[in-house]
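Here is how the chains run, residue by residue.
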Amino acid sequence: MTLLVTVFAAAITTAIWYKRQPDGSMKLGILSWMFWGASLMWLIDAIFEYAEIGAAYFTPEPADMLNDLFLGLSVVALALIIWIVILLIWDPKGVIKAKLLKKKEK
Amino acid sequence: MACFLVPMTEAIVTTVAQKVIEKKEKKAGVQTVTSADGFTMEKTPFSKKLGWLNKMLWGGSVLLAFEHVWHGEVVPYFPFLTAASDPADAAEMLHEMGTAGVCMAAIVTVVWIGMLVVSKSLEKRALKALPATK
């Protein structure tokens, strides 16, 4: 479930990044790379788990599924926080700089 | 248990490599390619392409580290990895790092190499198409 949530997040952010190119001012590429990297790593995790428990991998207990979904959503939230922090520090549109300069003028 | 440490280590190495290559590229200046028809295009520097790998490795390993915190395998106090406090668990952890961890780092690197090949062929195709698009 965590893998699924991350793959969906990766595909959606990549589609949004592609639509906004060549603008790139929202730094969506970073978010997209993060999700793809995590998806690939969880894919390996899933393969190892499948090799260990076999077909039972595809029939998880409802409680485990819910926990994995909760984890997947938390992972997406963490990635979004990292992206927002990078965006605000990088400040490609100069919004933060403009705000700070405005404050200094007063 | 601690499989994320392997791609994280690779991320540290590739980040240092990227910084070194970036410096060398800045010294060498902008690299361009010219088509048979005389059209010139700026090449995407290798350091930028290495940045793709960095972002995938860092992003993936940070999100995976969070999963380990979630499952109580990483803790904010010494020895930070719960498996490290027991020799039997530590051996299992090292085995997992050697198998799953190495595979994780390898798959991200293989995908990145595939992207390098694709981007190279796209650059060539774009260069060929330039006169037609003008």
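Above this note sits the structure.
Analysis parameters
- Residues numbered from 1 in each chain as written.
- Chains lettered and ligands numbered in written order.
- Predicted model: local features only at pLDDT ≥ 70, side-chain atom pairs only at ≥ 80, totals over all residues.
- Heavy atoms only, no water.
- Helix = DSSP H or I, 4+ residues; strand = E, 2+ residues; numbered from the N terminus.
- Rg over C-alpha atoms; globule rule 2.2 N^0.38 Å.
- Buried < 20%, exposed > 50% of the residue type's maximum accessible area, 1.4 Å probe, protein only.
- Contact = heavy atoms within 4.5 Å.
- Areas by Shrake-Rupley, 256 points an atom, 1.4 Å probe, with all protein chains shown as cover.
- Lys, Arg positive; Asp, Glu negative; His and termini not counted.
- Charge placed at Lys NZ, Arg CZ, Asp CG, Glu CD.
- Core = buried A, V, L, I, M, F, W, Y, C linked by side-chain atoms within 4.5 Å.
- Buried area = accessible area lost by both parts, 1.4 Å probe.
- Salt bridge = Lys/Arg side-chain N within 4 Å of Asp/Glu carboxyl O.
- Nonpolar A, V, L, I, M, F, W, Y, C, P; charged D, E, K, R; others polar.
- Axes fitted to C-alpha atoms, helices over the stretch in contact; angles between N-to-C directions.
- Left-handed = near helix turned anticlockwise from the far one by under 90°.

Quick notes on the overall build of chain A
Part 1: Within chain A, the secondary structure is distributed over four helices and zero strands.
Part 2: Traced from its N-terminal end to its C-terminal end, chain A shows the element sequence α-α-α-α.
Part 3: By the compact-globule yardstick of 13 Å for 106 residues, chain A is too spread out, its C-alpha radius of gyration being 19 Å.
Part 4: Seen along its three principal axes, the alpha-carbon backbone of chain A occupies a region of about 65 × 30 × 20 Å.
Part 5: Counting across all 106 residues of chain A, residues that qualify as buried make up 30%.
Part 6: Excluding contacts between residues fewer than 6 apart, the proportion of contacts in chain A whose partners are at least 24 apart in sequence is 73%.
Part 7: Roughly 7,100 Å² of accessible area belongs to chain A as shown, and the carbon and sulfur atoms make up 72% of that amount.
Part 8: Of the charged side chains in chain A, 10 are positive and 9 negative, and the gap between their average positions amounts to 28 Å.

A closer look at the nonpolar core
Part 1: The biggest cluster of nonpolar side chains holds 44 residues, and the ones touching the most others in it are A:Leu31, A:Phe35, B:Leu63, B:Leu64, B:Met93, B:Val108 and B:Trp112.
Part 2: Contributions of two or more residues to this core are made by helix H1 (2-20), helix H2 (28-53) and helix H3 (62-90) of chain A together with helix H1 (5-28), helix H2 (46-70) and helix H3 (87-133) of chain B.
Part 3: Among the elements that take part in this core, H2(A) stands out by supplying eleven residues, more than any other.
Part 4: Non-local contacts of A:Phe35, meaning those with residues more than four positions away in its chain, are made with A:Thr6, A:Ala9, A:Ala10, A:Thr13, A:Val76, A:Ala79 and B:Leu63.

Topic: the interface of chain A and chain B
Part 1: With 22 residues of chain A in contact, the opposing surface of chain B contributes 23 residues.
Part 2: Between chain A and chain B lies a buried interface of about 2,000 Å² when both sides are counted; carbon and sulfur atoms form 86% of it.
Part 3: The interface formed by chain A and chain B contains zero salt bridges.
Part 4: Within the residue set of the side of chain A that touches chain B, elements represented by two or more residues are H2 and H3 of chain A.
Part 5: Looking at the side of chain A that touches chain B residue by residue, the class counts come to 18 nonpolar, three polar and one charged.

Observations concerning the packing of H1(A) against H3(A)
All names here are of chain A.
Part 1: Orientation of H1 relative to H3, taken along the N-to-C sense of each, is 30°, at an axis distance of 8 Å. At the point where H1 passes H3, the crossing takes the right-handed sense. Counted together, Thr-2, Val-5 and Ala-9 of H1 and Asp-68, Leu-69, Leu-71, Gly-72, Leu-73 and Val-76 of H3 form the full contact between these two elements.

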